[in-house]
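One-letter residues, chain by chain:
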Amino acid sequence: MLHPLSSRAAGEAMHDLTAPEPQKRGRRQPRVTVQPEAMSVAGRYVVLTALCVLCYCNSLHGELVHDDVWAIINNPDVRPGSSLINIFSNDFWGKMMADNTSHKSYRPLCILSFKLNILLGGMTPLYFHIVNVCFHCAVSCLLMHTCISCVFEDSRLAFITALLFAVHPVHTEAVSGVVGRADVLACLLFLLTFLSYVRSVGVCVSEDSLPSTMSACSLIVSLLLGTCAMLIKETGITVFGVCVLYDALVLCCKPLINHLYSSRPGNLLYICSPFVKRACLISGYVVLIMSVRLWLMGGSMPLFSEQDNPASFSPHLLTRILTYSYLLSFNAGLLLAPIVLCYDWQVGSIPLVESLSDFRNVAAMLLVIVMVALCLHCVFSLQRQESREVLVGMLFLVFPFIPASNLFFRVGFVVAERVLYMPSMGYCILMAHGMGRLCAVVGRWGTTVLSVSMLLLLLLFSWKTIQQNHVWLTREALFQSGIQTLPHNAKAHYNYANFLKDSGRHKEAIHHYTTALRLYPRHASAMNNLGTLTHCPEEAEYFYRKALDTNPQHNRALFNLANLVKALQITRKVDILTPLGALYYNTGRFEEALLVYREAAALQPDNTDIWLALAQVLVMVSHTIEAEKITLDIISREGSCIECYRLLSAIYSKRGDFTEALVALDRALQQNPSDLTVRAELYFSKGNQLREMNQLDRAFESYKLAVELKPDRSQAWMNMGGIQHIKGDYAAARIYYQQALLLNPGSKLLKENLAKLDRLERKLTVEA
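What follows concerns the overall build of the protein chain. A tally of helices and strands in the protein chain yields 33 helices and 0 strands. Counting over 768 residues, the protein chain shows a buried share of 50%. Counting only contacts in the protein chain whose residues sit at least 6 apart along the sequence, the fraction spanning at least 24 positions is 66%.

Attention now moves to unusual backbone geometry. The backbone of Asn-406 sits at a positive phi, close to 70 degrees, despite the residue not being glycine. The topology assignment puts Asn-406 in the loop between helix H15 (389-398) and helix H16 (423-471).

Summed over all chains, the structure comprises 23 salt bridges. A salt bridge links Arg-388 to Glu-153, with the nearest nitrogen and oxygen atoms 3.8 Å apart. A residue pair is termed long-range when its members are at least 10 positions apart, and Arg-388 in the loop between helix H14 (361-383) and H15 and Glu-153 in the loop between helix H5 (125-150) and helix H6 (155-167) qualify at 235 residues. On the basis of relative accessibility, which here comes to 21%, the residue Glu-153 falls in the partly exposed class. A salt bridge links Asp-758 to Arg-734, with the shortest nitrogen-to-oxygen separation between them at 2.4 Å. With a gap of 24 residues between them, Asp-758 in helix H33 (residues 748-767) and Arg-734 in helix H32 (residues 730-743) connect regions that are remote in the sequence. Under the relative-accessibility criterion, Asp-758 is labelled partly exposed at 28%. Among the ionic contacts, a cluster of salt bridges with common partners joins Asp-67, Glu-173 and Arg-418.

Another point: the nonpolar core. Counting 164 residues, the largest nonpolar core has Phe-114, Phe-194, Tyr-246, Phe-396 and Met-425 as the members making the most contacts within it. For this core, the leading source of residues is helix H8 (residues 181-200), giving 13 residues. One finds Tyr-652, Leu-690, Ala-706 and Ala-732 within the second-largest nonpolar core, a separate group that totals 55 residues.

This part is about the packing of helix H27 (residues 642-655) against helix H28 (residues 658-670). Between H27 and H28, whose axes approach to 8 Å, the crossing angle comes to 170 degrees. Of the possible angle classes, the one that applies to H27 and H28 is roughly antiparallel. Between H27, through Ile-642, Tyr-645, Leu-648, Ser-649, Tyr-652 and Ser-653, and H28, the contact on the second element is made entirely by Phe-658, Glu-660, Ala-661, Ala-664, Leu-665, Arg-667 and Ala-668. Of the residues belonging to the contact of H27 with H28, the class tally is 9 nonpolar, 2 polar and 2 charged.

Another point: the confidence of the model for the protein chain. The predicted coordinates ought not to be read in detail in places where the model reports low pLDDT. For the protein chain, per-residue confidence averages 84 on the pLDDT scale, and 90% of positions sit at 70 or higher. Below pLDDT 50 for its whole length, residues 1-36 participates in 77 contacts with residues either more than four positions away or in separate chains.

The subject of this paragraph is the state of the cysteines. All told, the structure shown has 1 disulfide when counted by the stated rule. Shown here is the disulfide that connects Cys-641 with Cys-644, its sulfur atoms set 2.3 Å apart. Between Cys-641 and Cys-644, the S-S torsion sits near 70 degrees, and that sign places the bridge as right-handed. Since its relative accessible area comes to 12%, Cys-641 is described here as buried. The class of Cys-644 is buried, set by a relative accessible area of 0%. Among the cysteines around Cys-134, which has no disulfide bond, Cys-137 carries the closest sulfur, lying 6.2 Å off. The exposure class of Cys-134 is partly exposed, given its relative accessible area of 44%.

With that out of the way, let us pick up the side chain of Glu-173. Relative to the helices and strands, Glu-173 is located in helix H7 (residues 172-176). What makes Glu-173 buried here is its relative accessible area of 3%. Among the polar contacts made by the side chain of Glu-173, one reaches the main-chain amide nitrogen of Glu-417 at a distance of 3.5 Å. In terms of polar contacts, Glu-173 uses its side chain to reach the side chain of Arg-418, at 2.5 Å. Excluding its chain neighbours within four sequence positions, the residues that come into contact with Glu-173 are Gly-180, Cys-342, Tyr-343, Ala-416, Glu-417, Arg-418 and Trp-472.

Given two aromatic rings, their pairing is described by the distance between the two centres and the angle made by the two planes. Applying the stated criterion across every chain, the model contains 17 aromatic pairs. Aromatic ring contacts, followed pair by pair, group Phe-92, Trp-93, Phe-114 and Phe-128 into a single cluster. The ring of Phe-92 has Arg-107 sitting right over it, with the charged end atom 4.9 Å from the ring centre. Across from the ring centre of Tyr-326, 5.2 Å away, lies the NZ or CZ of Arg-360, which sits over that ring.

Helix H10 (residues 239-251) sits mainly inside the fold: 10 of its 13 residues count as buried. Turning to H10, its buried residues number three or more, namely Val-239, Phe-240, Val-242, Cys-243, Val-244, Tyr-246, Asp-247, Ala-248, Val-250 and Leu-251.

All right, on to the packing of helix H25 (residues 608-620) against H27 then. Where H25 contacts H27, the two axes come as close as 11 Å, and the packing angle between them is 15 degrees. What the angle tells us is that H25 and H27 run roughly parallel. Considering the relative orientation of H25 and H27, their crossing is left-handed. Residue-level contacts link Leu-612, Ala-615, Gln-616 and Val-619 of H25 to Glu-643, Cys-644, Leu-647, Ile-651 and Lys-654 of H27.

In a regular helix each residue adds 1.5 Å, so 14 residues correspond to 20 Å; helix H24 (residues 590-603) covers 20 Å between its end C-alpha atoms and thus fits that length. For H24, every residue scored as buried is listed here: Ala-593, Leu-594, Val-596, Tyr-597, Ala-600 and Ala-601.

This paragraph deals with the environment of Val-617. With respect to the helices and strands, the residue Val-617 is situated in helix H25. Residue Val-617 is classed as buried on the basis of its relative accessible area of 0%. Considering only alpha carbons, one finds Val-617 and Ala-582, 35 residues apart in sequence, at a separation of 9.7 Å. In contact with Val-617, not counting residues within four places along its chain, are Tyr-585, Phe-590, Ala-593, Leu-594 and Tyr-597.

Judged by side-chain polarity, Leu-294, Met-301, Leu-407, Phe-408 and Phe-409 come together as a nonpolar surface patch covering roughly 550 Å² of accessible area. With respect to the helices and strands, Leu-294 occurs in helix H12 (residues 268-296). On the basis of relative accessibility, which here comes to 42%, the residue Leu-294 falls in the partly exposed class.

So, on to the environment of Ser-200. The topology assignment puts Ser-200 in helix H8. Residue Ser-200 is classed as buried on the basis of its relative accessible area of 0%.

All right, on to the side chain of Glu-541 then. Considering the arrangement of structural elements, one finds Glu-541 in helix H21 (residues 537-550). The class of Glu-541 is buried, set by a relative accessible area of 11%.

Turning our attention to the environment of Asp-657. Position of Asp-657 relative to the elements: it lies in the loop between H27 and H28. Of the residues examined, Asp-657 reaches a relative accessible area of 32% and is grouped as partly exposed. C-alpha separation for the pair Asp-657 and Gln-689, spaced 32 residues apart in sequence, amounts to 9.7 Å.

Basis of the calculations
Residues numbered from 1 in each chain as written. Predicted model: local features only at pLDDT ≥ 70, side-chain atom pairs only at ≥ 80, totals over all residues. Heavy atoms only, no water. Helix = DSSP H or I, 4+ residues; strand = E, 2+ residues; numbered from the N terminus. Buried < 20%, exposed > 50% of the residue type's maximum accessible area, 1.4 Å probe, protein only. Contact = heavy atoms within 4.5 Å. Salt bridge = Lys/Arg side-chain N within 4 Å of Asp/Glu carboxyl O. Core = buried A, V, L, I, M, F, W, Y, C linked by side-chain atoms within 4.5 Å. Axes fitted to C-alpha atoms, helices over the stretch in contact; angles between N-to-C directions. Parallel < 35°, antiparallel > 145°, perpendicular 65-115°, else oblique. Nonpolar A, V, L, I, M, F, W, Y, C, P; charged D, E, K, R; others polar. pLDDT = per-residue confidence, 0-100. Disulfide = S-S within 2.5 Å. Polar contact = N/O pair within 3.5 Å; in protein donor to acceptor, adjacent residues only side chain to side chain. Phe/Tyr/Trp six-rings, centres within 6.5 Å; stacked < 30°, edge-to-face > 60°. Lys NZ or Arg CZ within 6 Å of the ring centre and 35° of its normal. Left-handed = near helix turned anticlockwise from the far one by under 90°. Expected span 1.5 Å × (residues − 1). Patch = residues over 30% accessible without salt bridge, like charges linked within 9 Å, V, L, I, M, F, W, Y side chains within 5 Å. Areas by Shrake-Rupley, 256 points an atom, 1.4 Å probe, with all protein chains shown as cover.

This is how it looks when you write it as structure tokens:
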């Protein structure tokens, strides 16, 4: 026989919201079942199911996106030919649980459901989505049944609770994303466990005795169902805490309070023994399964990076406390007003709260005030033996969220909307309770207004859910929504860049990888992927090495770097040979330089710079014919090679063919080099050729153009002075010599020329 507060006839007559029936002490008398009311309750289940289907029918044709790819498409454990043993030895993503790189998410029953999906319907995404929507419908209906049985006196409030839960937009990630099945199915088992536990507890035979365990079978079933909930999603284990507290604060509350307030306390331990036995059994069982769970994890917790949960890596305790507190209020805000939703809230989406002056602390304080007020309400309600609705709402809200709160261990996310699937049950219970209390106060017209407001809220939530489902239809839609909703989220840009990279849109991918690194400079995966898109081997190596400096365990960056080094072995040898050849050349060891450059040219036959350096060395060892051939070959491929024309001029000049040398310099000047230094050197070289051809006036003009471009070129000033010296214009020659001497005061040749000029001037003075 069930406890009077834990069961209710399906056809129980409904109470008026504005005039609730006063609670009676002791066991409630059975009521007469009315058939029309039973039909009404059945109709509510039909309406609830239809509403779930209408809200999520547009998600059925979605792809497998985001985490679905890793948990289903790329997971070897879900394939038809894989061993079932692997499911129970690997984590959610197909890695060994004991592996240090494992995520430590042990959800074998969820993986088993994916495997069954594939066996029955293949990899077609439609069937995965259908199963998810069916589970959500089942959870919504079971929540209403739970509220009718164990929470509300008025079944209409249970219906409102289930309606809110069915259409709440924060559930889109859990329902529309196939991986969210873990949360949906765990919630279903959470409710079944709770109901089975309540069924196992008997009724009070008197107000002075606690209810005993009437059904050991139901209790064992609740243990098994709770274990299955944990094997679907880790948060499922919190149902045991809810069961024990519900037992203590609801099922055993009235006789325990009566006993404490009586004049004959008696043997308290003896009176409480039924509850103590159940609590000890549950506690011991939880310790056992948690020990097994830890053993499966290899005795270690999962390793997360700073980008997964930045607050947990902060060295400042105050920052961690303030940020965690704000995140609690942020999650509460998502339940209250799910306006801004995103598939990923990591990497800078929510900046750390680092000081007490941060305005966001107000939100955390408001949450504390509300939670304290609700807890006090629960305490006073227990003392007065009144409504348990707030208490159950708090239990359902708080306990399932504890594993995600960072209170006991570091979690691998900042905010994850899917983890709010189970806590939202408590939120919906509290909302329905609040509406019921308001309706009891405001009267008929107020009740009408509240009813219309609730209807509008349900419509608004339904519209938001339908719109949010579109986001989960394709990878592109999902990732685009991320950068539109949270443009400062580096992870959103990184994920979108991955999609663009896979789609062959490399230019856009580079932009978003770069943006991700600007927002989060330590994003090793973005560095690695950016390296795969660059066409410059040196730049790719830079990104791979930078990724490994940031994360030495980044296997893909290490693999890519290894492949690149193998590909660059030839280039690396050239990188060694080229400076070695330059060293030999600059130290006058031309024969050795010739051998080095010939080897480098053989390794990289398309490298123009190496061939040009080889030609220069050939000129120095008087192999001008081969040097000319190489230089002309380069010019035939690159007609704008200015250095080639300069080298060709040097070759012709070395042979004494000054006319051809002059033509080569003119062709170099025709390329109109933008570098002033290069143009000045070309005019200087042209002046030298003209001087060799005894065309002094043209040579002077070339030198003059050179110093106009580069006034600090002392050799050009000296040559201009020399030409004027030869022509007999000693005054002009002195001016040019002195200008050259200012730029190069240590030049002996300039001093000798000035001394010659002095002697000539004195001689002319004497003769005069």
